[in-house]
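Analysis of the macromolecular model
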Amino acid sequence: MAVSSQSKGNNALRSDKSSAKYTQERVIETALLTVASLAVASIALIFVLLLYQGLQGLTFFGGDIQPNQFWSITTEKEDLVRNPDGSIKTDSEGDFVYEKKQVISSDWQPTSSQLPQYSLIPLLIGSLKVALPSAILAALIGVFVAIYLSELASVRVREVVKPILELLAGVPSVVLGFFALVTIASFVEWITHIPVIFEFLSQTPVLNRLFFPACTFAEGSDLQSVCLSRSQALGVTGGYLNVMVGALGVALVIIPVIATIAEDALRAVPDSIRDASMALGGSRWQTAFSAVVPAAVSGLAAAVILGLGRSLGETMIVLMATGNASITNLNLLDSGRAITATIAAELGESPAGGDHYNALFFIGGVLFIFTFVLNIIGEIVINRARQKVRGGS
Amino acid sequence: MLRRTSLKAVAVSLTCAMLLAPMALAGTITLKGSDTMVNMAAKWANAYSRKNPETKIQVTGGGSGTGIKSMIDGQANLAASSREMKAKEVDGAKKNGITPVEIKTAIDGLAVIVNKSNPVKKLTYQQLEAIFTGQVTNWKDVGGKDAPISLYGRESSSGTYEYFREEVLEGKNYAASTKVLQGTAALADAVTKDVNGIAYGGVGYFATRKDLDTVSVKKKGDFVDPIVNGQINDAAIASGQYPIARFLYLYSSGKPSGEVKAFVEWVLSPAGQKIAGAEYVPLNASTAKAELGKL
Amino acid sequence: MVMDTPLSATSQGSDPQIQAFKKARENFLAGLLSGMSWLLVAFIILFLLTITINGWPTVSANGFEFLYTSPDKGLDEGGVGPAIFGTIALVVLMTFFALPVGVFTSIYLVEYAGGKPFSRIIRAAVNNLAGVPSIVFGLFGVAFFVLFIGRGLDGLLGYSLANPLWGKPALLWAALTMALLVLPIVIVNTEEALLAVPVSLRSASLALGATQWETISRVVLPQAIPGILTGSILSISRGAGEVAPILFTGAAFLLQDLPVFPGTVIIDPSKQFMELGYHIFILATQSSDVEKTRPAQYASTFVLLAITFFLNFAAIILRSQFRKRAIR
């Protein structure tokens, strides 16, 4: 930025002799400014277009979608009638008996032949079910690797580990999606069924709700043993494609992202802080954890926030590995339908300008706002952190 | 300087490209749609172009809805569809000045598949409806083990998805817990890996697979298995004895002419039907003749 | 505030038991951190090995015919020739759009804008553009390029809705969509390269009477070329691997002809194209027998990985070269 102060040198050009050149310079500057505005224009255009097209579907703007349809609607549903012993009730001809019920429904059923449903709830849950676990996992690994690389590893080790990490950053997400489909899926199924791990996941209070909700019943009850034998003998509750498979794949995408930003944040901590800690007798480990990490903590937080933004926006891995069922539970070993995967799977079939098409733009807009806000927060935190580190030194 | 000239050259060639492009359209048939049909269509395209090298056929999947949409929007000459066009779609086409012509090309039986280890090998329409709408969630309710049912299905863009919904589910919505995969082969893959899985798909995808089982289905009358001894049960499917069967269509944007017509005629010829027969059930001679009459 | 933690940590350290506990904790942390890092490294190597071991035999069979033959029997057999060509055509066209815009934007930011408030807005926009999910670019590409611009162009050129030339997915729209996606990569790398050119060079040029533009185009830019090249290589590598933006703007399942004018090698931007990443997606989820085409899936993945790694590797080498030069 220091460079631009040089432009004042152009004042010399204002003499009559070079006025043609001066005009030329101004023209060039204006042209460059115009090109540079393209970045601003395109992001603004993306936002306006998503908003415009997304809102077109609403009744207010001439579509058929009531605003509350994006949340939930009251609708009629037929349920099977059960006998007291749990078996299905049949009529005299042996046909199943159904009864009509009014239910509050929040489903994503955009092509239903009865009433199209556009609830965002399953999609938001689907997106978060993938993004949060992957971000947490990647944050743990990414930040630890960053601390190791920046504070503790020797130069030699750095020279080996860093390029390999960059290699991972260069892997296209469709490749990781493929890998998740053929390898991680089997891995997740295998590892969750190692008895020790199964026990841990199904008996630890919060974890069991996330992994084996069928096992959250009271201890010693029949249900628990049923759940245990069932899950062990028959496979993961949600089938072999599930949110956890997708989350592991997405974590591989964002580990390098988080590690890189986190390492930058750690390196921005001035050496004076390290020297002070060392001078007081702190070891390298103490220095790293008690002095450097606290000084860089907001930068590390920013890394995680930006990583979360990336994982919310990841498409191909989620499309290929999570099973894409639009369900609303929090079970990580069950499926989930993320916003990104929904757009990727459905945009091709929806006639341009129709309600379904507009609804896809609406959810695209929601996704855009989420990631936009996360990016802004991340940027602000990073800038603050930079100023703080500079001010503190 | 040199860079500027090369930039100019690229710009000029790009402009030329824009002007010349219409000429490139001649000799290209764009066929788009059903994933059920995409492999068969690709094989048709390969075989036909080998005989007629001047005709290039562009094949894209994405689902029947996608293909019909593209045909309506004029982005494809032929839409491959595994279901009939809906009235709404026909209206949309007419609005764009297109009168679609429907051509039957093959018959597809839809099989319901389960894991090899699953003891349930027979299901009625009622049971299938209850299973796929999520009303029945445990295999023991349909005569199986005490285990949760794990549903697999197709994207809503797929004709198979719509046909199965209208034919078997009486138009009711699929259960939200249905895991949605991108292709029939992926469904087969999932069911071989998930002991509690159940899915539906074109019978041609499953005939050669030893690692999963097709279910005998009963609508009225007897249970019929679409695959017998590793062979597609052609007779039962063509006669309608096996209930979940449908025609596979090509929709042409207007009465086909020129290369498109020649291609469709070839598809209905014994050579084309032989390729169709590899995965599906070919049309019988009288149906094929009737379809040729529409051209 | 930052300082008192280590202080207190060391000052209490007189008790030998506490000392031992601290030592153990340190060792544990040491093990955890380095263990985790090396585990990650081992995993990455294992992942690459898996792809290579499973992919190489198919790629190298019959004199590498996998690389130049077309798919056959639907997608069940044959190679990825058209997909490789399509990927190249896509990134060439993409670079043609992204490079000039990216470089000129960086020039404006570094050489002209300085502290002007508008430059901060541009920078914020570039940062946010980098964070936009790739599928959102796909949405944008369909609505803006294909339907708005494409259909508009067809209206002007007199093509009907039933027989459009531009109002349909095409290489051009895919390339423009992808260009938007990689624009931030070009800008960030070019900026870095421009900033690395010593101010003294600019001063010298200006002092000799050159105008600012003359200084930039004849002195600064030539110095920054390796950096600009790095940026474009990185963006090509990214563009070659992204699938979501081209799902609806141009990629096709199977094409028998390349996206060129018949009988030439000139790219025809109005055609659809096959692309490696999309091909992998299709093969892995939609081919008629997923297990049977597994070798082809691994092989296509291997080819795509090889291409992106080669590009990334080239970029890393180039960057280290110009960084060395900048330091000197």
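Numbers given to residues run from 1 along each chain, matching the order in which its sequence is written. Whichever chain is written first is A, and whichever ligand is written first is 1; the rest continue in order. Thresholds applied to this predicted model are a pLDDT of at least 70 for local features of residues and 80 or more for the giving and counting of side-chain atom pairs; totals over whole chains, interfaces and linings are not thresholded and use all residues. Note that the side-chain values use all heavy atoms of the structure and ignore hydrogens as well as water.

In terms of helices and strands, chain C carries ten helices and three strands. Helical segments are the DSSP runs of H or I of at least four residues, strand segments are the runs of E of at least two, and each set is numbered from the N terminus. Seen in sequence order, chain C has helices and strands lined up from the N terminus as α-α-β-β-α-α-α-α-α-α-β-α-α. In terms of overall dimensions, chain C has a C-alpha envelope of 85 × 65 × 35 Å along the principal axes. The classification of residues rests on relative accessible area computed with a 1.4 Å probe and restricted to protein chains. Under 20% of the type maximum is buried, over 50% is exposed, and intermediate values are partly exposed. When each of the 328 residues of chain C is scored for burial, the buried share is 58%. Only heavy atoms enter the contact rule, under which two residues are in contact if any of them lie within 4.5 Å. The long-range fraction of contacts in chain C, counting pairs at least 24 apart against all pairs at least 6 apart in sequence, stands at 71%. Entry remark: accessible area of chain C is about 12800 Å², with carbon and sulfur atoms responsible for 69%. Charge counting follows a simple rule: Lys and Arg are positive, Asp and Glu are negative, and His as well as the terminal groups are ignored. By convention, the point assigned to a charge is CZ for Arg, NZ for Lys, CD for Glu and CG for Asp. Each charge class in chain C was averaged separately, 20 positive and 18 negative side chains, and the resulting centres sit 11 Å apart. Throughout, the Shrake-Rupley method with a 1.4 Å probe supplies accessible areas, and for residues the shown protein chains are the sole cover considered.

A count of helices and strands for chain B gives eleven helices and 13 strands. In terms of its C-alpha atoms, chain B occupies a principal-axis envelope of roughly 75 × 55 × 40 Å. Looking at chain B residue by residue over its 295 residues, the buried ones come to 62%. A separation threshold of at least 6 residues defines the contact pool for chain B, and within that pool the share at least 24 residues apart is 75%. Total accessible area computed for chain B in this model is approximately 11000 Å², and 56% of it derives from carbon and sulfur atoms.

So, about helix α3 (residues 81-113) of chain C. Residue and element names in this part refer to chain C. With 33 residues, α3 should reach 48 Å at 1.5 Å per residue; the first-to-last C-alpha distance of 46 Å fits that figure. The angle between axes fitted to the seven residues ending at a residue and the seven residues starting there is what we call the bend at that residue. Along α3, the helix axis deviates most sharply at Thr 95, where the bend reaches about 30°. Judged by how many residues are buried, α3 sits mostly within the fold: 26 of 33 residues are covered. Immediately beyond the C-terminal end of α3, within one or two residues, lies Gly 114, with a positive phi of roughly 50°. Under the convention used throughout, the expected extent of a helix is 1.5 Å for every residue step, that is, one less than its residue count.

With that settled, consider the packing of aromatic side chains. Centres within 6.5 Å make a pair out of two Phe, Tyr or Trp rings, where for Trp the six-membered ring is used; the pair is then stacked when the planes are under 30 degrees apart, edge-to-face when over 60, and tilted otherwise. Scanning the model with the defined rule gives 31 aromatic pairs over all chains in all. For the pair C:Phe140 and C:Phe145, a centre-to-centre distance of 5.7 Å together with 80° between the ring planes defines the contact as edge-to-face. Residue class for C:Phe145 comes out buried when judged on its relative accessible area of 9%. By way of ring pairs, the aromatic residues C:Phe140, C:Phe144, C:Phe145, C:Phe148, C:Trp166 and C:Trp173 are connected into one cluster. Each ring is checked for a lysine NZ or an arginine CZ that lies within 6 Å of its centre and within 35 degrees of its normal; such an atom marks a charge sitting over the ring. The lysine or arginine in question, B:Lys172, covers the ring of A:Tyr98, its NZ or CZ lying 3.8 Å from the ring centre. Its guanidinium or amino end placed over the ring of B:Tyr152, B:Lys179 lies 5.1 Å from that ring's centre, counting from NZ or CZ.

Here we take up the pattern of salt bridges. Definition used for salt bridges: Asp or Glu carboxyl oxygen within 4 Å of a side-chain nitrogen of Lys or Arg. Summed over the entire model, instances satisfying the criterion amount to 29 salt bridges over all chains. We note a salt bridge from B:Asp189 to B:Lys193, for which the minimum N-O separation is 3.6 Å. Taken as a pair, B:Asp189 and B:Lys193 lie in helix α7 (residues 184-193) at a separation of four residues, close to a single helical turn. Its relative accessible area of 4% is what places B:Asp189 among the buried residues. Members of the salt-bridge network, linked through shared partners, are B:Asp189, B:Lys193, B:Arg209, B:Asp211 and C:Arg294.

What follows deals with the environment of A:Asn358. All names here are of chain A. You can see Asn 358 is positioned in helix α14 (residues 355-392). Note: C-alpha distance between Asn 358 and Gln 53 (305 residues apart in sequence) is 5.6 Å. Setting aside chain neighbours within four positions, we find Asn 358 in contact with Gln 53, Gly 54, Gln 56, Gly 57 and Gly 353.

Within the fold, B:Gly134 resides in the loop between α5 (125-132) and β6 (150-154). Residues B:Gly134 and B:Ser150, 16 residues apart in the sequence, show an inter-C-alpha distance of 9.9 Å.

For helix α4 (residues 173-191) of chain A, with 19 residues, the first-to-last C-alpha span of 24 Å runs short of the 27 Å given by 1.5 Å per residue. Taking the largest bend as the criterion, α4(A) deviates by roughly 45°, centred on A:Ala180.

With that settled, the discussion passes to the interface of chain B and chain A. Often, the extent of an interface is quoted as the loss of accessible area on bringing the components together. Tallying the contact residues gives 40 residues for chain B and 43 residues for chain A. Buried area is a sum: the accessible area each of two parts loses on coming together, probed at 1.4 Å, counted once for each and added. When residues of chain B are sorted by the area they lose upon contact with chain A, B:Gln126, B:Gln135 and B:Asn173 head the list and together hold 19% of the total. Put simply, chain B and chain A have three salt bridges between them. Notably, a salt bridge pairs A:Arg82 with B:Asp141, separated by 2.7 Å at the nearest N-O pair. Pairs of N or O atoms are called polar contacts if they sit within 3.5 Å, as long as, within protein, a hydrogen donor faces a hydrogen acceptor (for residues adjacent in sequence, only side-chain-to-side-chain pairs). Where chain B packs against chain A, one counts 15 residue pairs in polar contact (both at pLDDT 80 or more). Put simply, the parts of the chain that give the side of chain B that touches chain A at least two residues each are α3 (64-72), α5, β6, α6 (159-167), β7 (179-181) and α7 of chain B. No other element matches α5(B), which puts four residues into the side of chain B that touches chain A. As a working rule, the residues Ala, Val, Leu, Ile, Met, Phe, Trp, Tyr, Cys and Pro are called nonpolar, Asp, Glu, Lys and Arg charged, and the rest polar, with Gly in that last group. Of the residues in the side of chain B that touches chain A, the class split is twelve nonpolar, 15 polar and 13 charged.

Before going further, it helps to examine the interface of chain A and chain C. Counting from both sides, the interface comprises 88 residues of chain A and, opposite them, 86 residues of chain C. Of the roughly 7900 Å² buried between chain A and chain C on both sides combined, carbon and sulfur atoms contribute 80%. For the pair chain A and chain C, the interface holds zero salt bridges. At the junction of chain A with chain C, the criterion picks out five residue pairs in polar contact (both at pLDDT 80 or more). The element best represented in the side of chain A that touches chain C is helix α1 (residues 19-56) of chain A, accounting for 18 residues. Of the residues contributing to the side of chain A that touches chain C, the split by class is 62 nonpolar, 21 polar and five charged.

Let's shift gears to the confidence of the model for chain C. Across chain C, the average pLDDT comes to 85, with 91% of residues at 70 or higher. Of the two predicted TM-score estimates for the complex, the pTM is 0.85 and the ipTM is 0.88. The pLDDT score gives, residue by residue, the confidence of the prediction method on a 0 to 100 scale.

What follows concerns the confidence of the model for chain B. Residue and element names in this part refer to chain B. Of the residues in chain B, 91% reach a pLDDT of 70 or more, and the chain-wide mean stands at 82. Under a pLDDT of 50 for its full length, residues 1-5 has, in the predicted model, one contact with residues more than four places off or in other chains. Confidence over residues 16-26 falls short of pLDDT 50; this stretch has 18 contacts with residues more than four positions distant or in other chains.

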